[in-house]
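The residues making up each chain are set out below.
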Amino acid sequence: MTKVRSRCAATLLAAAVSFGICVSARAADEATPDKALNDAKESFETAQTFFVRGEYDAAAAKFLEAYNRKPYPAFLFNVAVSYEKGKQLEKAKEYFERYLKEDPNASDAAQVRLRLDVIGKLLAPPPAPPAAATPPAPGTPAPDAPGTPPATGAAPPPAGTPPAPVAPAAPAPPPPAATPPPVLPDIDTKGLVVIDSKPQGATIYLNDKRSGPFGQTPWHGSLESKPVRLILESKGYKAEERSVSPRSDKLIDVYIALSEEHYLGWIEITSNVVGADLYIDRKDIGAIGRTPFTGQLKPGKHTIFLEKFGWQPLQQEIDVPAGTALQHNLVMQKSQSGWVSITGKTTQGGRLIVDEKFGCVTPCRVELPPGKHALRVERKGFEDYETTLELGQGIETSLEVQMSPRPARTHAIGTAVVAAVLIGAGAYVGYLSKQTKTDIQNDINNGMLIDNGDSRFTTGKIEAIGADVLYGVGAIVAATAIYGLFEHGPDSTGVAEHHTIGLAPLFGPEGTGLAFSGRF
Amino acid sequence: MRAATRCLLASFTAVALAAGCDWRDFDTLQGQTPVLRLDPPSGYQTAGDFGGALLPVAPPSDGSAAAWFLASGTASLGLGLMKIDAAGHGSGQTLSGGDLNNLGTDPLTAMAEIPGTSTALLGAPTFRGIFVADLLQATVSQFTTSSSASGETLFGVGVAAGNLTGGATPDLVVSSISNIHVFSGGSHSDGSPGSADLTACPLSLPPAFQARRAMVIGTFLGSGPVVAVGVPNAGAAGSVAFFAATATTTPPTVTCLGLLSAPAAAGVNSGFGSSLAVGDFDGDGAQDLLVGAPPYAVYLYKGPFGLASPPAATVPPPAGAGNFGNALAAANIDGKKGDEALIADSGATVDGKTGAGDVSIVAFSSTPPGPTVIRTLTDHAAGAGESYGAAVAALPFCAAPPCATATPLPLVGSPNNAFVYYTVGAADPRTK
């Protein structure tokens, strides 16, 4: 596995070298004036070559040389990794410890400490044999004890440690259950990104300015191995952007000489609401940042928009003179409205009706004046959910609605058809019965000597009873159909939660101010 | 929404129920039919042998029934007491037990009302005995004789009751195959004609006519009450023998008054005298005698008549007749002066159904007493071989006693049913 990984790394090295050249070429017109950094970089790349070849001692020496030229703690880390790969755990331990000493707040400090613990265990002398065992003669090296790291992958014994003796032939009691030896997880060298600018002190943003400032030049450190866009801004200078692709085996130095920008104006937008979306001149292209915000603007009049949920939108005209730096502190007012937020998976694609007017397509949020409102959530195939809410100023009511499916009508329609047939048949048979009765009555009225045993009496009775039965069954079936047509499923339900959104005084070590607060 | 649903359901149910048919309308209508068909009562002894012999009795004075009659089987024992209420609804009960057990299965083929007593005299010819039925008590008791009369063949083949001897109590007249016996005033000792009288008035009865002998009591000869005894013949013309009885002696003296011979007919008029009926058919106040001579004719003898007199009127059989005149009755159906004749033809073909049977209502004008068929009664659902008209009688109906004169209603029997006609006459007597 290690060999395969090494071959892959070698392949990657070729690509990485060419990529590094490419990056260096881009940086050439912005070459760093720091000769030491260039030398360190050269040593780093040589060290990486040795590292990939498995010549870990040479790699460690070259990383150490890079460190001596430019004392970046990452170089010490790589020295330690090289020694660890070269099975020199004591040296590895030494340099990991130096790395932590140099950069105690490193993002991977915790992992490095854990690693040092493992290395410590591997370097520790074997534990004393159990009391029941025959004690070895004084000066006789102890046999391998349980828990001793196996030879494979284990750290070599420290220099001067006598070789392990052959186990005595005498029978020994069965060893206790072996504790698995500590294992060092795989590790790789650390890449390095160095960002510098002229003048130094420029603000660094990653990818976009909405995330806020990342740091200031000069900056060095490790970044995630994925492409990233660097934005450097400094008051009175034209902002610059660069794209870099940090890697674990690369040292990328970015040096940008910022050009002065006298024809732009520098603005700093602050607000009593931190994190409000900031739009300049137009909103359709989206927010360009959040408060607090700094940046260059073309001289002239501009419209600033600030928006934040729970606050009234703010719009203000500002005048940006060329070559100046201005600060604008915009004060936002708390919103006078309340909000209703409809949530719940079953509301997807439904409609919120507020006071018998369409509100929004659910799930959604609507802003409403404070007061009592009748709400209804409708969705095809589901029972309506209706409720009345009293909304307060600055309060968001979150309504988690669980809509109940409305029973299918297919069966009811089929039942209605059967009912119609039954009632129709009943009407027909009833007609026959009445016809029979009329015939008999007519015969009597006409003086025909029919008797009480006339078969038409039986026929008429059967018809009448049959009609009644058909009517009755039809009525029952029809009632069932009607019930089915208007049948309700379980009521849709909703749970309301009220969130109060407002300003609250904030006292901290760095000052006082106002901040959002929410009670849930 | 749910309240609306419930309201809709309730409305729908109400409409559905309102739209239904009331089968009880047919029950109501069934009680208003112009004809009451009566089936044998529950427990009736013999199926299919119910209405071959019918005997209407004057309605009871206690108002327990508007009309009632006995129906008897002619082939086997079966006796039902049928009652009709004022609204015309029928009911019935089977008479059984008591002395009827003596009969075994022998039928009671001859019946006559004992006037004014709500009782009837019943003849059981094959048993050779007579019985008295008490309709009020719904009981039947055997009438024992003190003579050897009951030893005669077919004693009881014909019975009659009435004031024959002039006493206060009705006399009972019983015939056998060869004789008649008069039990005066209900006495159990009887008087019979002497040999000379029986020679003058032979009473032999051929097998073809031994089911029942026709006997009526009336004053149609103008010489006081006499009993007319039908003497149909076999291979020769039949006749009617007349006897008188006097109560001056005990037992009474029974004498032959002579024979009324059959007129000439299309064939041998052997059936002459097989059925008789007494009534005032011409409305002159005198009793007339109607003599059936199936299948050829029915003859009216206008009283008082002489034994040599030809019939005053002859009712010929209509087209399709089969056994015209097998049973006769007299009833004032139309409410006008004079009775009408109910002439049964149990073998008539009706609507192509042979043997379905019918009954003709015939009126006779006073001068000359020509017959007119004013209506023919049939079973509305007649079937071939039904023998509608096996018996016919006039059923006195009194919806609200006391009735000075009960309304006579046609009563027609067939082996399976009895039919009462309410609307044939001038007015429907039923209580609405």
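See the structure shown above.
Described below are features of the structure shown in this document. (Residues numbered from 1 in each chain as written. Chains lettered and ligands numbered in written order. Predicted model: local features only at pLDDT ≥ 70, side-chain atom pairs only at ≥ 80, totals over all residues. Heavy atoms only, no water.)

Quick look at the overall build of chain B
Line of reasoning, step 1. Looking only at helices and strands, chain B has three helices and 27 strands in total.
Line of reasoning, step 2. The proportion of buried residues among the 432 residues of chain B is 53%.
Line of reasoning, step 3. Put simply, of all contacts in chain B between residues at least 6 apart along the chain, 54% involve residues at least 24 apart.
Line of reasoning, step 4. Accessible surface, chain B as shown: approximately 16100 Å² in total, 54% of it carbon and sulfur. (Helix = DSSP H or I, 4+ residues; strand = E, 2+ residues; numbered from the N terminus. Buried < 20%, exposed > 50% of the residue type's maximum accessible area, 1.4 Å probe, protein only. Contact = heavy atoms within 4.5 Å. Areas by Shrake-Rupley, 256 points an atom, 1.4 Å probe, with all protein chains shown as cover.)

A look at the state of the cysteines
Put plainly, a disulfide is one covalent bond tying together the sulfur atoms of two cysteines.
All names here are of chain B.
Line of reasoning, step 1. One pass over the full model with this rule turns up three disulfides over all chains.
Line of reasoning, step 2. Between the sulfur atoms of Cys398 and its disulfide partner Cys403 the distance amounts to 1.7 Å. Linking Cys398 and Cys403, the disulfide has an S-S dihedral of approximately 80 degrees and is accordingly described as right-handed.
Line of reasoning, step 3. Here chain B pairs its bonded cysteines, counted in sequence order, in the arrangement 1-2, 3-4. (Disulfide = S-S within 2.5 Å.)

A few points about the interface of chain A and chain B
Line of reasoning, step 1. Taken together, the 35 residues of chain A in the interface contact 31 residues of chain B.
Line of reasoning, step 2. Summing both sides of the interface, chain A and chain B together bury roughly 2900 Å²; the carbon and sulfur share of this comes to 69%.
Line of reasoning, step 3. Area buried by chain A at its contact with chain B is led by Leu449, Asp451 and Asn452 of chain A, which between them contribute 24% of it.
Line of reasoning, step 4. Our count for the chain A to chain B interface comes out at three salt bridges.
Line of reasoning, step 5. A salt bridge links Arg37 of chain B to Asp451 of chain A, with the shortest nitrogen-to-oxygen separation between them at 3.1 Å.
Line of reasoning, step 6. Viewed at the interface, chain B and chain A are joined by 10 residue pairs in polar contact (both at pLDDT 80 or more).
Line of reasoning, step 7. When contributions to the side of chain A that touches chain B are tallied by element, the ones reaching two or more residues are α7 (410-445) and α8 (455-486) of chain A. (Buried area = accessible area lost by both parts, 1.4 Å probe. Salt bridge = Lys/Arg side-chain N within 4 Å of Asp/Glu carboxyl O. Polar contact = N/O pair within 3.5 Å; in protein donor to acceptor, adjacent residues only side chain to side chain.)

With respect to the packing of helix α2 (residues 35-53) of chain A against helix α4 (residues 73-85) of chain A
Residues and elements named next belong to chain A.
Line of reasoning, step 1. With their axes 12 Å apart at the nearest point, α2 and α4 run at an angle of 20 degrees to one another. With respect to their mutual orientation, α2 and α4 come out roughly parallel. Where α2 crosses over α4, the two elements pack in a sense that is left-handed. Listed contacts from α4 to Ala40, Phe44, Gln48 and Phe51 of α2 are Phe75, Asn78, Val81, Ser82 and Lys85.
Line of reasoning, step 2. Taken together, the residues of the contact of α2 with α4 sort by class into five nonpolar, three polar and one charged. (Axes fitted to C-alpha atoms, helices over the stretch in contact; angles between N-to-C directions. Parallel < 35°, antiparallel > 145°, perpendicular 65-115°, else oblique. Left-handed = near helix turned anticlockwise from the far one by under 90°. Nonpolar A, V, L, I, M, F, W, Y, C, P; charged D, E, K, R; others polar.)

A closer look at helix α6 (residues 109-123) of chain A
All names here are of chain A.
Line of reasoning, step 1. With 15 residues, α6 should reach 21 Å at 1.5 Å per residue; the first-to-last C-alpha distance of 21 Å fits that figure.
Line of reasoning, step 2. Here α6 has its buried residues at Ala109, Val112, Arg115, Leu116, Val118, Ile119, Leu122 and Leu123.
Line of reasoning, step 3. Close packing links the buried residues of α6 with α4 and α5 (89-102). (Expected span 1.5 Å × (residues − 1).)

Examining the pairing of strand β2 (residues 203-206) of chain A
All names here are of chain A.
Line of reasoning, step 1. Residues of β2 alternate between two faces, with Thr203 and Tyr205 on one and Ile204 and Leu206 on the opposite face, all of them buried.
Line of reasoning, step 2. Strand direction decides the pairing type here: β2 and strand β3 (residues 215-216), joined by two bridges, are antiparallel. Looking at β3, one finds that Ile204 is bridged to Gly215.
Line of reasoning, step 3. Here four bridges tie β2 to strand β5 (residues 228-233), and the two strands are oriented antiparallel to one another. (Pairing = 2+ DSSP bridges.)

Thoughts on the sheet that holds strand β11 (residues 293-297) of chain A
Residues and elements named next belong to chain A.
Line of reasoning, step 1. Spatially, three strands are ordered β11-β8-β14 in an open sheet, and the strand pairing comes out mixed. In the strand order of this sheet, the two ends are held by β11 and β14 (325-330), each with one partner. Across this sheet, the average inter-strand angle for adjacent strands is 25 degrees, counted without regard to direction.
Line of reasoning, step 2. Alignment of strand β8 (residues 265-271) against β11, held across five bridges, turns out to be antiparallel. Within β11, the position partnered with Ile267 by the bridge is Gly295.

A few points about unusual backbone geometry
Line of reasoning, step 1. Of the consecutive residues Thr291 of chain A and Pro292 of chain A, the connecting peptide bond is found in the cis state with omega at -5 degrees.
Line of reasoning, step 2. Looking at where Pro292 of chain A falls in the secondary structure, it is placed in the loop between β10 (289-290) and β11.
Line of reasoning, step 3. With omega at 0 degrees, the peptide bond leading from Pro401 of chain B into Pro402 of chain B counts as cis.
Line of reasoning, step 4. Among the secondary structure elements, Pro402 of chain B is positioned in the loop between β25 (391-397) and β26 (407-413).
Line of reasoning, step 5. Of note in this structure, Arg128 of chain B is not a glycine but carries a positive phi near 65 degrees.
Line of reasoning, step 6. The residue Arg128 of chain B is located in the loop between β7 (119-124) and β8 (129-134) in this model.
Line of reasoning, step 7. You will see that Leu154 of chain B, though not glycine, has its phi angle at about 55 degrees, which is positive.
Line of reasoning, step 8. Residue placement: Leu154 of chain B occurs in the loop between β9 (139-143) and β10 (158-162).

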